[in-house]
There are 2 protein chains.
Amino acid sequence: MQKQPTIRDVAAAAGVSVAVVSRVLNPGSGPVAAATRDRVHEVMATLGYHPRTAARELKHGPPTTLGLLLADVSNPFFARLADQVVQEAHSRGIQVLLMTTQEDDQLESERLSTLIERRVSGIIATPTGNNLDIWKRLQDMGTDVVFVDRSIPALADVDVVTINNVESGRSATALLAAHGHRRIAMISGPAESTTGRDRIAGYRQALDAAGLERDDLLVRSAAFRGTAGGDAMSALLNLDEPPTAVVVANTAQVTAVLGRLAHAGVSVPAELSVIVFEDSPWTELMTPPLTIVRQPIDLLARHSVRLALANPGGRTPGKPTVVRVDAELIERASVGRLKVRA
Amino acid sequence: MQKQPTIRDVAAAAGVSVAVVSRVLNPGSGPVAAATRDRVHEVMATLGYHPRTAARELKHGPPTTLGLLLADVSNPFFARLADQVVQEAHSRGIQVLLMTTQEDDQLESERLSTLIERRVSGIIATPTGNNLDIWKRLQDMGTDVVFVDRSIPALADVDVVTINNVESGRSATALLAAHGHRRIAMISGPAESTTGRDRIAGYRQALDAAGLERDDLLVRSAAFRGTAGGDAMSALLNLDEPPTAVVVANTAQVTAVLGRLAHAGVSVPAELSVIVFEDSPWTELMTPPLTIVRQPIDLLARHSVRLALANPGGRTPGKPTVVRVDAELIERASVGRLKVRA
DNA sequence: AATAAAAGTGGAACCGGTTCCATTATGTTT
DNA sequence: AAACATAATGGAACCGGTTCCACTTTTATT
């Protein structure tokens, strides 16, 4: 291990002042004779010089780092979002600091502290729903905060990028109603999540439009992670009047749900139609292939990064941007026409 | 947006010197009277002071950031690896800078430059296989480099964490042989990848052990990403003597392979047995459930992080650590006994 | 009570860049 | 050739922390 050369080493070796080297490093910041520039470049190459980001960031804050704070990267939805965000950021020369909350307030708060200390220029996050004061503080500091996939209603002036959850919930439910189903269940995210709430709102719209009766027993909240989705499914199956169709919120849940159904010997779609919010290639390979609500992850990522870098050094207050992109309902065999009982 | 308070603002407000505030910030770095400490803490709270990481890192390098350089986070294997690495790093108070190469040398080289400029203390990477000089330079600089999942044979003194690919390839192949298969194919990663090479070595060991003839036509290299796996499968089906069993390298490939098989009307396992290197819950939900080689991603992550933080400020040369963890073969219905032709 | 040891504090240099401003070299205009 | 604009360069302050060392105050020792 050798000590790293500094800008002064380069200056000395090239026989110029550090100011000149700095100008070579930042083209456009001042005039440098072509011959000098070339010589300095040469010296930098032979010395293996690389300017230290930490030092550069000292003077003026870094518009060079973004924080990406997700619930959980093992969830394929978030994983793909992370992938797209990283690509999009890299294409703009921005680095991404990845953090996870595990849906835990306390962890979220710790992560946010480190992001504050790093003075990141922007944060893209799936908020847990708490830590309101910290989010506010971040905005006061001039950090561009963007909520993606969900939001916090109490924080009115934060940029938000989501899919149109109301419409998605509505169209999925409407599809099931159109297939003759009258007992349609929904396994949704936690009650606090805006995502879940909006989808349920759409679900109710569709029921009303189809003239179907609402039954709150058919709407179940379950944690996004773990096997809670399976328990919700079991509860639904044990109802006096079990549903003939169900809309499920995400991958982890549908995995648990399908496992439970297989175990209980319930066949899809003959006995139960299934729609899931998801966008993995494997949904098509299952037996039966799953009807899905496809979320345009690339659009979510692109808009998020754009907003997170939009106002370097402070946003204009009072005008939050809300982007809602449309999800796409893709019909496959897991939805079937309701059979009239024999 | 308000200007952020600095350590001098805190010192002034608390009526002490910056040295004292710094000592409060870094417990153990020097004596501070309890009363003073409390007062300073109070001032920091009311001022909303947060020390800037960039400034702290200037003095002595940062053992506080890790670079995680993966091919691609949309691949579930890497996504889960990222998730575990982030969790493991966070539990040690370390932050993770996430980057992707898309398996592209050029991009990899750019990402590495950024990591050099940030003076990260360690890098966990799935190398593309090129940029040898940059990897060497990083080690010279004292950066802890850890290759995970694959390695570069030409770089002998880099720490490596992988699964035991030879043994995995061998046991998967042996299982198929034990079921009576004599024409066993392997769809592997690119020929350059150590992962693919090792698995093929194991595959050959198993063939030899079972007294089966090697046929190079049955071994196909395909890119890890995209639909190349499907093309390889098609080619295998079109052989004069097509295989009756196949081992597939990863998720993206098996997705393409199964799609192709469904399209071609080949049934699994009746006409073709399938084993895949994968570890997603959904492999169990498919029809038929897939036999898999499960990779212990949490162990890979834990060892990688440990090694990447092992030698803060320079590794002892000449003693690279190589960790090989065992993968687990999980038998499910996608492997069947070879039927003798009628 | 005299003296030594320890605790608490502050001044100032330092990390490695950027940038303002003064100074010198070069080139243009008449 | 004189006068002036412009290009090229260097000196030094600055960003916001850390740390060495000197100095003062408190506590312990005999």
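Residue positions are counted from 1 within each chain, in the order its sequence is given. Working convention: letters from A go to chains and numbers from 1 go to ligands, in the order in which they are written. Given that the model is predicted, a residue must reach a pLDDT of at least 70 before its local features are reported, and side-chain atom pairs must reach 80 or more before they are shown or counted; all residues, however, enter totals for whole chains, interfaces and linings. The basis for every side-chain value is the complete set of non-hydrogen atoms in the structure, without hydrogens or water.

Chemist: Could you clarify how one ought to interpret the sheet that holds strand β9 (residues 273–277) of chain A in this entry?
Modeler: Think of a sheet as strands paired side by side through backbone hydrogen bonds, with each pair either parallel or antiparallel. All names here are of chain A. Strand order in the open sheet formed by six strands is β7-β6-β8-β9-β10-β12, and the pairing between neighbours is mixed. The open sheet is flanked by β7 (219–221) and β12 (328–330), the only strands paired with a single partner. Pairwise comparison of adjacent strand axes, ignoring direction, gives a mean angle of 15° for this sheet. Of the strands in this sheet, β6 (184–188), β7 and β9 touch helix α9 (residues 194–210), which is tilted by about 170° from β6. Here a residue-residue contact requires only that any non-hydrogen atoms of the pair lie within 4.5 Å. Each axis is a line fitted through C-alpha atoms, and for a helix only the stretch in contact is used; angles between axes span 0 to 180 degrees, taken between their N-to-C directions. Secondary structure is summarised from DSSP: a helix means a run of H or I of at least four residues, a strand means a run of E of at least two, and numbering begins at the N terminus for each. Running over the sheet, helix α11 (residues 251–264) touches β6, β8 (245–248) and β9 and is turned about 160° from β9. Pairing between two strands requires that DSSP report at least two bridges joining them.

Chemist: Where do I start with the pattern of salt bridges in this structure?
Modeler: Close approach of charged atoms lets side chains of opposite charge pair. Any Lys or Arg side-chain nitrogen found within 4 Å of a carboxyl oxygen on Asp or Glu counts as a salt bridge. For the structure on display, the rule yields 26 salt bridges over all chains. Taking the shortest distance from any N to any O, the salt bridge between A:D208 and A:R214 comes out at 2.8 Å. Accessible area is worked out with a 1.4 Å probe on protein chains only. A residue is then buried under 20% of its type maximum, exposed over 50%, and partly exposed in between. In this structure A:D208 comes out as partly exposed when scored by relative accessible area, which is 43%. Residue B:E103 pairs with B:R150 through a salt bridge whose shortest N-O separation is 2.7 Å. Of this pair, B:E103 sits in the loop between β2 (95–100) and α6 (105–118) while B:R150 sits in the loop between β4 (144–148) and β5 (159–163), and the two are 47 residues apart along the sequence. Shared partners join several salt bridges into a network, and the residues in it are A:E103, A:D149 and A:R150.

Chemist: Mind showing me how you'd approach the relation of the copies chain A and chain B here?
Modeler: Note: a rotation about an axis with an accompanying shift along it relates these two copies of the chain. Least-squares superposition of the copies uses the C-alpha atoms of those residues scoring a pLDDT of at least 70 in each of them. Between chain A and chain B, which share one sequence, the superposing operator has a rotation angle of 180° and an axial displacement of 0.0 Å; the RMSD is 0.1 Å. A rotation of that kind, with that shift, is consistent with a two-fold axis. When the interface residues of chain A are mapped onto chain B, 100% of them again fall at the interface, so both copies present the same face.

Chemist: Teacher, can you tell me more about the sheet that holds strand β11 (residues 322–325) of chain B here?
Modeler: Strand order in the open sheet formed by twelve strands is β11(A)-β5(A)-β4(A)-β3(A)-β1(A)-β2(A)-β2(B)-β1(B)-β3(B)-β4(B)-β5(B)-β11(B), and the pairing between neighbours is mixed. At either margin of the open sheet sits one strand with a lone partner, and together these are β11 (322–325) of chain A together with β11 of chain B. Between one strand and the next, the sheet's axes are offset by a mean angle of 20°, whatever the strand orientation. As judged from the four bridges shared by strand β1 (residues 65–70) of chain A and strand β3 (residues 122–125) of chain A, these two strands associate in the parallel manner. Among the inter-strand pairings, A:L66 is bridged to a residue of β3(A), identified as A:G122.

Chemist: Can you walk me through the protein's contact with DNA strand C in this structure?
Modeler: Near DNA strand C you find 30 residues, and of these A:I7, A:R8, B:S17, B:R23 and B:T36 are the closest. Sugar and phosphate atoms constitute 53% of the interface atoms of DNA strand C, taking the interface as everything within 4 Å of the protein. Within the backbone of A:R52, one N or O atom sits 3.4 Å away from a phosphate oxygen of DNA strand C. For DNA strand C, a phosphate oxygen lies 3.0 Å from a polar atom in the backbone of B:A33. Each residue is assigned to one class: nonpolar for Ala, Val, Leu, Ile, Met, Phe, Trp, Tyr, Cys and Pro, charged for Asp, Glu, Lys and Arg, and polar for all the others, Gly among them. Here the residues of the surface near DNA strand C sort into 15 nonpolar, eight polar and seven charged. Throughout, the term near means that a residue has one or more heavy atoms lying within 4 Å of the molecule or strand in question. In protein, a polar contact means a hydrogen-donor-capable atom and an acceptor-capable atom, both N or O and within 3.5 Å, with residues adjacent in sequence counting only if both atoms are side-chain atoms; elsewhere, any N or O pair within 3.5 Å suffices.

Chemist: Before we go on, may I ask you to explain the side chain of A:T283 in this structure?
Modeler: All names here are of chain A. Summarising the element assignment, T283 is placed in the loop between β9 and β10 (291–294). By relative accessible area, T283 is classed as buried at 0%. Filtering out sequence-adjacent residues up to four positions away, T283 remains in contact with E278, P289, L290, I292 and R332.

Chemist: Looking at this structure, how should I read the protein's contact with DNA strand D?
Modeler: Residues in contact with DNA strand D amount to 30 residues; listed here are only the nearest, A:S17, A:R23, A:T36, B:I7 and B:R8. Among atoms of DNA strand D positioned within 4 Å of the protein, sugar and phosphate together represent 53%. Secondary-structure elements contributing two or more residues to the surface near DNA strand D are α2 (18–25) and α4 (53–59) of chain A together with α1 (7–14), α2 (18–25) and α4 (53–59) of chain B.

Chemist: It is not clear to me how helix α3 (residues 34–47) of chain B should be interpreted in this structure. Could you clarify?
Modeler: Given 3.6 residues per helical turn, the α-helix brings residues three or four places apart onto the same face. Residue and element names in this part refer to chain B. The span you would expect from a helix comes to 1.5 Å times its residue count less one. For α3, built from 14 residues, the straight-helix expectation of 20 Å at 1.5 Å per residue is met to within 8% by its first-to-last C-alpha distance of 20 Å. For α3, the set of buried residues is T36, V40, V43 and M44. For α3, the angular spread of buried residues about the axis comes to 100°, placing them on one side. Structural note: α3 exposes A35, E42, A45 and T46 on the side pointing more than 90 degrees away from its buried face. Check the buried side of α3 and you find it contacts α1 and α2. G48 lies just past α3 and shows a positive phi near 70°. For this quantity, the arc is that covered by the directions from the helix axis to the C-beta atoms.

Chemist: Mind showing me how you'd approach unusual backbone geometry here?
Modeler: Residues and elements named next belong to chain B. Put simply, V268 and P269 share a cis peptide bond, and its omega is 0°. Tracing the backbone shows P269 in the loop between α11 (251–264) and β9 (273–277). That bond from T287 to P288 is cis: its omega, -5°, falls within 30 degrees of zero. Relative to the elements of secondary structure, P288 occurs in the loop between β9 and β10 (291–294). If you check the backbone angles, E103 has positive phi at about 65° while not being a glycine. Even without being a glycine, D149 presents a positive backbone phi close to 75°. In this fold, D149 is placed in the loop between β4 and β5. Since its relative accessible area comes to 10%, D149 is described here as buried.

Chemist: What is the right way to look at the pairing of β3(A) in this model?
Modeler: Put simply, side chains in a regular strand alternate between the two faces of the sheet. All names here are of chain A. The side-chain alternation of β3 yields two buried faces, one formed by G122 and I124 and the other by I123 and A125. Bridging between β3 and strand β4 (residues 144–148) involves four bridges; their strand directions are parallel. Bridging across to β4, A125 finds its partner in F147. Here a crossover is taken to be right-handed if, once the strands point away from the viewer, the path from the first strand over the helix to the second is traced clockwise. Tracing the backbone out of β3, into helix α7 (residues 132–140) and back to the parallel element β4 gives a crossover that is right-handed.

Chemist: Sorry, what's going on with the packing of aromatic side chains here?
Modeler: The description of an aromatic ring pair uses the distance of the two centres, along with the angle that the planes make with each other. Pairing of aromatic rings covers Phe, Tyr and the six-membered ring of Trp, with a centre-to-centre limit of 6.5 Å; geometry is then stacked below 30 degrees between planes, edge-to-face above 60, and tilted otherwise. Following the criterion strictly, the structure yields five aromatic pairs over all chains and no others. Judged by centre distance (4.9 Å) and plane angle (85°), the ring pair of B:W135 and B:F147 falls under edge-to-face. One end of the pair, B:W135, is in helix α7 (residues 132–140); the other, B:F147, is in strand β4, with twelve residues separating them in the sequence. Accessibility expressed as a relative area gives 1% for B:W135, which makes it buried. For A:R199, the ring lying beneath its charged end belongs to A:F277, and the centroid distance is 3.6 Å. Geometrically, a charge over a ring is one whose NZ (Lys) or CZ (Arg) sits within 6 Å of the ring centre while staying within 35 degrees of the ring normal.

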